[in-house]
Amino acid sequence: MASYGRSARGVEGSFANFVHIIVLILAFLMTGQALAQAPAAAPAKPIKIVAFGDSLTAGLGLSANQAFPVRLQKALESKGIRVDMINAGVSGDTASGGRDRLDWSIPEGTEAVILELGANDAMRGTDPNVTRAALSDILTRLKARKIAVLLCGMLAPPNYGADYADRFNAIYPELSKTFGVPLYAFFLEGVAADAKLNQKDGIHPTAEGVDTIVKNMLPTLEAFLGTIAGQRG
């Protein structure tokens, strides 16, 4: 009897273990089914950006798909950064002209602006105080709308002299500090004065020049947009 009892208890233990295993398997299968039926997480909405500038933004002399905003969007998307980019570049625009059209150029829902203005001011020898005041007004109004700004700097040509260049070139880093916005020091970095990367006018970049601008600016843009994405959460 004792032997029979031990045997019975062994059978009961084996059966209990078997039932336990079956329960675990069923639980695993049900969990997997639930996960399979659960909807996938929705991808993050694209960041709405306006590239706001002059002919350097508009893409003067280039086809539409070669313009800076288009090439930049493609470069960002290749990095897995989804953006909805608007090209708000107007050829010949000055900082003051940009200020005058700001409200209708930057639609509601815009999260970020790439601000590229001042090249025409510098080429015309505009008083740096006028350029500074216009850019300051633009930054003030965008800040009031809670729109993040990446400020793109510009450098004055040498023909107006060192004093003019010093006053003009100081505008961008000083505004960046005053308004607490990130600065890309020189929009045409790596392209200006390189004949191979500029059109015949020596001012506007070729398609290859635009790609160089995008490549050089991309790390700054990634950091800028990463901050915006983080603030969404």
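Residues numbered from 1 in each chain as written. Predicted model: local features only at pLDDT ≥ 70, side-chain atom pairs only at ≥ 80, totals over all residues. Heavy atoms only, no water.

### Examining the pairing of strand β1 (residues 47-53)
- Most of β1 sits inside the fold, with 6 of its 7 residues counted as buried.
- Bridging between β1 and strand β2 (residues 83-89) involves 7 bridges; their strand directions are parallel. Its bridge partner lying in β2, Lys48 is registered against Asp84.
- Relative to strand β3 (residues 112-116), β1 runs parallel, the two being bridged by 5 bridges. Note that in β3 the partner of Ile49 across the bridge is Ala112. (Buried < 20%, exposed > 50% of the residue type's maximum accessible area, 1.4 Å probe, protein only. Helix = DSSP H or I, 4+ residues; strand = E, 2+ residues; numbered from the N terminus. Pairing = 2+ DSSP bridges.)

### Topic: the environment of Tyr172
- Mapped onto the elements of the fold, Tyr172 is located in helix α9 (residues 171-179).
- Note on Tyr172: relative accessible area 1%, which makes it buried.
- Ignoring anything within four residues of it in the chain, the contact list for Tyr172 reads Leu117, Gly118, Leu135, Leu151, Cys152, Gly153, Met154 and Leu183.
- Polar side-chain contacts of Tyr172 include one of 2.7 Å to the backbone oxygen of Leu117. (Contact = heavy atoms within 4.5 Å. Polar contact = N/O pair within 3.5 Å; in protein donor to acceptor, adjacent residues only side chain to side chain.)

### Overview of helix α8 (residues 162-169)
- Within α8, burial applies to Tyr164, Ala165 and Phe168. Along the axis of α8, the buried residues cluster in a sector spanning 100°; they form a single face. Away from its buried face, by an angle of more than 90 degrees, α8 presents the exposed residues Ala162, Asp163 and Asp166.
- Next to the buried residues of α8 lie α6 (119-124), α7 (128-144) and α9. (Arc of directions from axis to C-beta.)

### Looking at the sheet that holds β2
- Across the sheet, which stays open at both edges, the 5 strands sit in the order β2-β1-β3-β4-β5 with parallel pairing between neighbours. Single-partner strands in this sheet number two, and they are β2 and β5 (183-184).
- Seen against the sheet, helix α3 (residues 68-78) touches β1, β2 and β3 and runs at an angle of roughly 165° to β2.
- Of the strands in this sheet, β4 (148-152) and β5 touch α9, which is tilted by about 160° from β4. (Axes fitted to C-alpha atoms, helices over the stretch in contact; angles between N-to-C directions.)

### Brief notes about the nonpolar core
- In terms of nonpolar packing, the biggest core is built from 59 residues, with Phe52, Leu115 and Leu225 touching the most fellow members.
- Per element, the largest residue contribution to this core is 9 residues, and it comes from helix α10 (residues 207-232).
- For Phe52, the contacting residues outside a window of four places in its chain are Ala88, Gly98, Arg101, Leu102, Ser105, Ile106, Val113, Ile114, Leu115, Glu116, Leu117 and Ile138. (Core = buried A, V, L, I, M, F, W, Y, C linked by side-chain atoms within 4.5 Å.)

### Quick word on empty space enclosed by the protein
- Within this structure, the stated rule accounts for 1 cavity of 30 Å³ or more.
- By volume, the largest cavity amounts to about 30 Å³.
- Every residue along the wall of the largest cavity is listed here: Ser55, Leu56, Gly59, Leu60, Leu62, Gln199, His204 and Pro205.
- Class assignment for the residues of the lining of the largest cavity results in 4 nonpolar, 4 polar and no charged. (1 Å grid on protein atoms, 1.4 Å probe; cavity = no way out; pocket = protein on both sides within 12 Å on 5 of 7 lines; lining within 4 Å. Points joined across faces, edges and corners; volume = space filled by probe spheres on them. Nonpolar A, V, L, I, M, F, W, Y, C, P; charged D, E, K, R; others polar.)

### So, the packing of α7 against α8
- Taken N-terminus to C-terminus, the directions of α7 and α8 make an angle of 10°; their axes are 9 Å apart at the nearest point. Taken together, the axis directions place α7 and α8 in an arrangement best described as roughly parallel. On α8, the residues touching Pro128, Asn129, Thr131 and Arg132 of α7 are Tyr164, Arg167 and Phe168.
- Broken down by class, the residue content of the contact of α7 with α8 amounts to 3 nonpolar, 2 polar and 2 charged. (Parallel < 35°, antiparallel > 145°, perpendicular 65-115°, else oblique.)

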